[in-house]
Amino acid sequence: MTGAHLQPHVAPVVRVALLGCGNVGGALAEILLTRQDDVAARTGIHLELVGIAVAHASRPRPASIPAVLIGTDAAALVAREDVDVVVEVIGGLHPAYELIEAALRAGKPVVTANKALLAVAGAELAEVAASAGVDLLYEAAVGGAIPIIRPLRESLAGEQIVRVMGIVNGTTNFILTRMEEGGSSYEDALAEAQSLGLAERDPSADVEGHDAAAKAAILAALAFGSDVVDADVHREGITSISAADVAYANRLGYAVKLLAVAELVDGGPEVSVRVHPAMVPHTHPLASVRGAFNAVFVEGAVSGELMLYGRGAGGGPTASAILGDLVDASRNLRAGAPAPAPKRTSIAVRAQSEMRSAFYLSMDVADRPGVLAAVAKIFGDHDVSIRAMEQVGLAEEARLIFLTHVAREGDLLATIDELRMHQAVDRVSGVLRVIGEGEVVA
């Protein structure tokens, strides 16, 4: 039309309620409050933060967060009629479960970073979301800023995933990196991580493998369409790993990493889901993941191998992942079409004792004739074949280092039990699975 003026496009407004305002919630709030126009220009959605629920309203907050937005009644905030989408970063099981369920039943999409809750009740909440016809999105629950959930749910939806394996806990990876590069003891590396804010005062969730196990359950559920939960995951931490074990592994050409693994066993239908430290060859991409970084290695039947790498923790990276989900949830809400929900079916989890791997063992024994022969006989009695052995003198004792051929884990554990009862064995100090050179996992 001649002389008509084009009207600027106005981005639709989506009103956001934020539950929790710690490191992650605070970083997200600052993005939503200070970068509204930038986000709207790039996404076509104007995200308006209308309320923040916290446990303690009097705690100091960034100056960019108006006090008027802060309240302590999370249930009331979720129920508000002017809230379109809910973001949950409270953590824990309760009241997070009840708040998310209430939001979903009210037809409000939810974005969460709550890995512990998803690993226990993700299937239940996904059913509630599907019934309500809204999104439950959780990219930030695994790998921080690394986009792994969306590729598994969408980009690789038609692919048969054979294995997902990764370093999904930045705290433990930092500790193991310091033990390798600086020769630090576990205790010193942990203290350094705590001083840098990379480890909590109580680090047990990280160093004992709980955090990684929750993430492994989430990845397994997505990769295999299974109802795997946290309790199905075999879990080992890094607290028993010594600087000597890390140094010896490094000398052999391996890096010690805490791995989360979810894989089809012998092509299926059984799966194995586990978290444990392992010796990874320096030639493997995961061996080069240093410090607090994370990486997830995916193997598909057709697509082959791919790896996603990035910062796995921290307020900024995690908030970035949440923002991506928030934009997706908002667009889907406007379109009236939620993201496709992964279907979950019951699946058998292979017992860890039936899994097979090569192993590294170190033990301290009395340094006298006949001990090595007795120890070797115990290995043989349990069908565990020794690939290599080295002896290191320790005053009146000797440290024996063994690498085995691939063995059934139950047989290896029986070997260790008998070794610990032998009068000449002071202790079995280090046990690590070994990833083979020509394979993704032994």
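Residues numbered from 1 in each chain as written. Predicted model: local features only at pLDDT ≥ 70, side-chain atom pairs only at ≥ 80, totals over all residues. Heavy atoms only, no water.

Here we take up the overall build of the chain. If you tally the helices and strands in the chain, you get 14 helices and 17 strands. Along the first, second and third principal axes, the C-alpha set of the chain runs to 100 × 45 × 45 Å. Residue burial in the chain is summarised as follows: out of 442 residues, 52% are buried. Restricting to contacts in the chain with at least 6 residues of sequence separation, those with at least 24 account for 73%. If you sum the accessible surface of the chain, you get close to 19100 Å²; carbon and sulfur atoms cover 52% of it. In the chain, 35 side chains carry a positive charge and 54 a negative one; their mean positions are 3 Å apart. (Helix = DSSP H or I, 4+ residues; strand = E, 2+ residues; numbered from the N terminus. Buried < 20%, exposed > 50% of the residue type's maximum accessible area, 1.4 Å probe, protein only. Contact = heavy atoms within 4.5 Å. Areas by Shrake-Rupley, 256 points an atom, 1.4 Å probe, with all protein chains shown as cover. Lys, Arg positive; Asp, Glu negative; His and termini not counted. Charge placed at Lys NZ, Arg CZ, Asp CG, Glu CD.)

What follows deals with the packing of aromatic side chains. Applying the stated criterion across every chain, the model contains 3 aromatic pairs. Here phenylalanine 379 and phenylalanine 402 contribute two aromatic rings whose centre-to-centre distance is 4.8 Å and whose plane-to-plane angle is 40°, an arrangement assigned as tilted. Placement of the pair is phenylalanine 379 in helix H13 (residues 371–381) and phenylalanine 402 in strand E15 (residues 397–404), with a sequence separation of 23 residues. Both residues of the pair, phenylalanine 379 and phenylalanine 402, count as buried. (Phe/Tyr/Trp six-rings, centres within 6.5 Å; stacked < 30°, edge-to-face > 60°.)

As enumerated under the stated definition, the model contains 27 salt bridges in all. Sharing partners across several salt bridges, the network here consists of Glu139, Arg150, Asp325 and Asp328. (Salt bridge = Lys/Arg side-chain N within 4 Å of Asp/Glu carboxyl O.)

Structurally, arginine 153 can be placed in helix H6 (residues 149–155). Exposure remark for arginine 153: the relative accessible area of 10% places this residue in the buried category. There is a polar contact of 2.8 Å between the side chain of arginine 153 and the side chain of glutamate 154. (Polar contact = N/O pair within 3.5 Å; in protein donor to acceptor, adjacent residues only side chain to side chain.)

Here helix H8 (residues 186–195) has its buried residues at Tyr186, Ala189, Leu190 and Ala193. Seen end-on, H8 carries its buried residues on one side only, within an arc spanning 100°. Those residues of H8 that are exposed and angled more than 90 degrees off the buried face are Glu187, Asp188 and Ser195. Glycine 197, located one to two residues past H8, shows a positive phi value of around 80°. (Arc of directions from axis to C-beta.)

In this structure, the largest pocket spans a volume of roughly 1400 Å³. Forming the boundary of the largest pocket are 50 residues, of which Asn23, Val24, Lys115, Glu200 and Gly314 lie nearest the centre. Of all the elements in the fold, those that place two or more residues in the lining of the largest pocket are helix H1 (23–34), helix H5 (115–132), helix H7 (170–181), helix H9 (204–207), helix H10 (210–224) and helix H12 (315–335). The element that contributes the greatest number of residues to the lining of the largest pocket is H10, accounting for 4 residues. (1 Å grid on protein atoms, 1.4 Å probe; cavity = no way out; pocket = protein on both sides within 12 Å on 5 of 7 lines; lining within 4 Å. Points joined across faces, edges and corners; volume = space filled by probe spheres on them.)

Geometry only, nothing functional implied.
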